[in-house]
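# Remarks on the overall topology
If you want the building blocks of each chain, they are given just below.
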Amino acid sequence: MAEDGPPTRELEAMSLESKVKWSKYSKRVLIKSILGRGDGGVALAGEKVIVGGWVKTGREQGKGQFAFLELNDGSCPANLQVIVDSSVRALGDLVPTGTCVVVQGELKKPPEGTKQNVELKVTDVLEVGSVDPIKYPIPKTKLRLDFLRDFVHLRPRTNTISAIARIRNALAFATHTFFQKHGFLYVQTPIITTSDCEGAGEMFQVTTLFSEAEKVEKELKENPLPSDADIEAAKLLVKEKGELISHLKSLKASKEEISASVVELTKAKENLAKMEERSKLTAGIPRKDGKVDYSHDFFARQAFLTVSGQLQVETFACALSSVYTFGPTFRAENSHTSRHLAEFWMVEPEIAFANLVDDMNCAEDYVRFLCQWLLDNCLDDMEFMVKNFDKTAIDRLKMVSSTPFKRITYTEAIELLKDVKDKAFENKVEWGIDLASEHERYLTEVHFKKPVIVYNYPKKIKAFYMRVNEDNQTVAAMDVLVPKVGELIGGSQREERYDNIVERINEMGLPIEPYEWYLDLRRYGTVTHSGFGLGFERMILFATGLDNIRDVIPFPRYPGKADL
Ligand code: 4AD
Ligand code: MG
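Residues numbered from 1 in each chain as written. Chains lettered and ligands numbered in written order. Predicted model: local features only at pLDDT ≥ 70, side-chain atom pairs only at ≥ 80, totals over all residues. Heavy atoms only, no water.

Regarding its fold elements, the protein chain presents 16 helices and 18 strands. For the protein chain, the C-alpha radius of gyration of 33 Å lies well beyond 24 Å, the compact-globule estimate for 564 residues. Along the first, second and third principal axes, the C-alpha set of the protein chain runs to 110 × 75 × 45 Å. Residues classed as buried in the protein chain amount to 48% of the 564 residues present. Long-range contacts, defined here as pairs at least 24 residues apart, represent 67% of the contacts in the protein chain between residues at least 6 apart. As presented, the protein chain carries roughly 28,600 Å² of accessible surface, and 53% of it is formed by carbon and sulfur atoms. Once the 75 positive and 83 negative side-chain charges of the protein chain are each reduced to a mean point, those two points are 4 Å apart. (Helix = DSSP H or I, 4+ residues; strand = E, 2+ residues; numbered from the N terminus. Rg over C-alpha atoms; globule rule 2.2 N^0.38 Å. Buried < 20%, exposed > 50% of the residue type's maximum accessible area, 1.4 Å probe, protein only. Contact = heavy atoms within 4.5 Å. Areas by Shrake-Rupley, 256 points an atom, 1.4 Å probe, with all protein chains shown as cover. Lys, Arg positive; Asp, Glu negative; His and termini not counted. Charge placed at Lys NZ, Arg CZ, Asp CG, Glu CD.)

What follows deals with the nonpolar core. Residues Phe-179, Leu-374, Met-478, Ile-489 and Leu-534 are the most contacted members of the largest nonpolar core, which totals 66 residues. The greatest single-element share of this core, amounting to 12 residues, is contributed by helix α9 (residues 356-377). With sequence-adjacent residues up to four places away left out, Leu-374 is seen in contact with Ile-167, Ala-170, Leu-171, Leu-379, Met-382, Leu-397 and Ala-543. Residues Met-203, Val-307, Leu-311 and Tyr-457 belong to the second largest nonpolar core, which totals 38 residues. (Core = buried A, V, L, I, M, F, W, Y, C linked by side-chain atoms within 4.5 Å.)

On to the packing of aromatic side chains. Overall, the coordinates contain 22 aromatic pairs when judged by the stated rule. Residues Phe-179 and Phe-184 carry aromatic rings whose centres are separated by 5.0 Å and whose planes lie at 65° to one another, so their mutual orientation is edge-to-face. Owing to a relative accessible area of 8%, Phe-184 belongs among the buried residues under this scheme. On the numbers, 5.6 Å between centres and 75° between planes, the contact of Phe-464 with Tyr-465 is edge-to-face. For Phe-464, a relative accessible area of 1% puts it in the buried group. (Phe/Tyr/Trp six-rings, centres within 6.5 Å; stacked < 30°, edge-to-face > 60°.)

On to the domain arrangement of the protein chain. According to the domain assignment, the protein chain contains domain 1 (9-136), domain 2 (161-206 + 302-551) and domain 3 (209-296). Each of domain 2 and domain 3 has a C-alpha centre, and the two are 57 Å apart. (Domains from an automatic or database assignment.)

Moving on, we get to the pattern of salt bridges. All told, the structure shown has 36 salt bridges when counted by the stated rule. Between Glu-314 and Arg-522 there is a salt bridge; the shortest N-O distance is 3.1 Å. Remark: Arg-522 occurs in helix α15 (residues 516-523) and Glu-314 occurs in helix α8 (residues 310-320); sequence separation between them is 208 residues. In this structure, the salt-bridge partner of Glu-507 is Arg-504, at a minimum N-O distance of 3.1 Å. Note that Glu-507 and Arg-504 are positioned in helix α14 (residues 498-507) at a spacing of 3 residues, about one turn of the helix. Taking relative accessible area as the criterion, Glu-507 reaches 42% and is therefore assigned partly exposed. (Salt bridge = Lys/Arg side-chain N within 4 Å of Asp/Glu carboxyl O.)

Taken together, the neighbourhood of ligand 1 is formed by 25 residues, with Glu-198, Gln-310, Arg-331, Glu-348 and Glu-487 sitting nearest. Between ligand 1 and the protein, one listed contact pairs a nitrogen atom with a side-chain N or O atom of Glu-198 at 2.7 Å. Glu-333 places a side-chain nitrogen or oxygen 3.0 Å from a nitrogen atom of ligand 1. A total of 620 Å² of accessible area belongs to ligand 1 in isolation, and the protein chains cover 94% of it. Elements that contribute at least two residues to the shell around ligand 1 include exactly β13 (343-352), β17 (486-493) and β18 (529-535). Sorting elements by how many residues they give to the shell around ligand 1 places β17 first, with 5 residues. The residue inventory of the shell around ligand 1, partitioned by class, reads 9 nonpolar, 8 polar and 8 charged. (Near = heavy atom within 4 Å. Polar contact = N/O pair within 3.5 Å; in protein donor to acceptor, adjacent residues only side chain to side chain. Nonpolar A, V, L, I, M, F, W, Y, C, P; charged D, E, K, R; others polar.)

All buried positions along helix α13 (residues 437-447) are accounted for by Glu-438, His-439, Glu-440, Tyr-442, Leu-443 and Thr-444. For α13, the elements touching its buried residues are α12 (410-418), β15 (452-458), β16 (474-482) and β17.

On a regular strand, one side chain projects to one face of the sheet and the next to the other, so that they alternate. Of all 7 residues in strand β2 (residues 66-72), 6 are buried; the element is thus mostly enclosed. Relative to β2, strand β1 (residues 48-61) is paired through 7 bridges, and the arrangement is antiparallel. Residue Val-55 lies in a different strand from β2, and its bridge partner there is Leu-71. Linking β1 back to β2 in an antiparallel pair, the connection comprises 4 residues, with Gly-62 at a positive phi of about 55°. Pairing of β2 with strand β3 (residues 80-85) involves 6 bridges; the strand directions are antiparallel. Note that in β3 the partner of Phe-66 across the bridge is Asp-85. (Pairing = 2+ DSSP bridges.)

Those places that UniProt annotates as "domain: WHEP-TRS" (unreviewed entry) correspond, in this numbering, to residues 230-286. Along residues 230-286 one finds 81% helix and 0% strand; the C-alpha atoms at either end are 25 Å apart. (UniProt positions renumbered as here; feature names shortened; annotations may be inferred.)

Rendered as structure tokens:
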């Protein structure tokens, strides 16, 4: 069988000398490999293919003589026009939007004057997954994205969510390509952790104490605890059985008789042990000295979902030099904004022998690489975004991929914002504030009209691990701000000096114990190192121009919402 041939013998004949590319692991030709060619599929006229997909729109024509189906299989934004004659199969259940069909037929050049380059004339309908159009929640009318959030399991069928899925996939691939190309090693950091990286206390706790407590509660309802009298009676029975054995021995009873009594004694002892164990069961969460006793919890200590893989990935940077992690992170902040999720993905490179300037250079190159990648690999989906959501999306990618980012210090940013006359900010501007989204967006959208890297922030508003500058007021931190989004990246040079980092942990009122292992990286063979975190969904917002972060992650989680 040819490398790209269809997977069964019956289909082999069709692919021999075929100009189309057969999918190796499903019995069909991807619609992208027909319509995504430079000629839009024109040269494939006359080829016999099988395609599968979901009907976007279907209509019967010629008084029910034939049906036109716009078929999409998710491989590209374009639909393949499929024509089914009523002599091939009854047409009624093929046309509703959402119907799944697998059809076999011949690609044809359509009549002059139609917009298609190629269409499929069906000779056989191989499979149908029908839809009741009255009940199907995703009709073909244009649907609002917030409406679709109630159907996260069906929304991938829409043009928008499928385009975003392809863009997201491309950005993930581009991420690995960029870092692999520059010699970074991909490290998988844990999702469950015992240390709070950002020290902001916005962590989801991981515990089995509640489910255990519920189990005990249920068990006690079904099987009440043994009373003291029950236990006393069980003890008495053990005593009696013991005495009986001594008595039998003194009477020189037979071996069989004694063994039988020993069996009974063992049983009585087991029963007592069980009762005593059960009597220790208490309903509710175990407590000690007025506090929850986590020694009874699954990890025998408090544990959380990670807010960032940074601290752990630093352990590998401090051994393997250039590394990155890319995974889900969790924040239990009660934010209802269009830029925050409770579960989001972060790309976090960490570079040894690198200072803040190296870090900024890496962040800038990475973001520009992502933009260029989308222009090179996802232009059809980006054109869809331009047409439907943001006219400037492609121009923005072009601008970012070709323009050096502006770099200013936090102090310069504050001075600049203080002088702003054309806009009244809701949040007061003064040295020491954490820049609000309105300030960030003003800098990047209005003032510089390009990505801006703000660096050297006041230490008071930044995390403990950031390197303190000579002035002892600021830290070697940097944020990359981009139009549409504001903060896309947060990063810093890390505090590699043991005494300084201990001081910072204490200053911030954090407990030392959970960070002891992190301090070891400074105790033994410490190294200048830097890194950053790019919010993956924010990058997708920036690229697509969509307004809400809940629409660019497959399964959004935010306060009050965790479907599926
Ligand atoms: O600035 P942050 O909090 O930085 C860190 O977590 C560092 N440990 C990263 C590092 O140096 N390795 O988060 C990094 C980025 C932000 O710039 C933002 O793009 C995104 O993560 N982000 C969020 N995205 C969606 N929802 C949220 N709740 C987010 N919080 C941060
Ligand atoms: Mg940040």
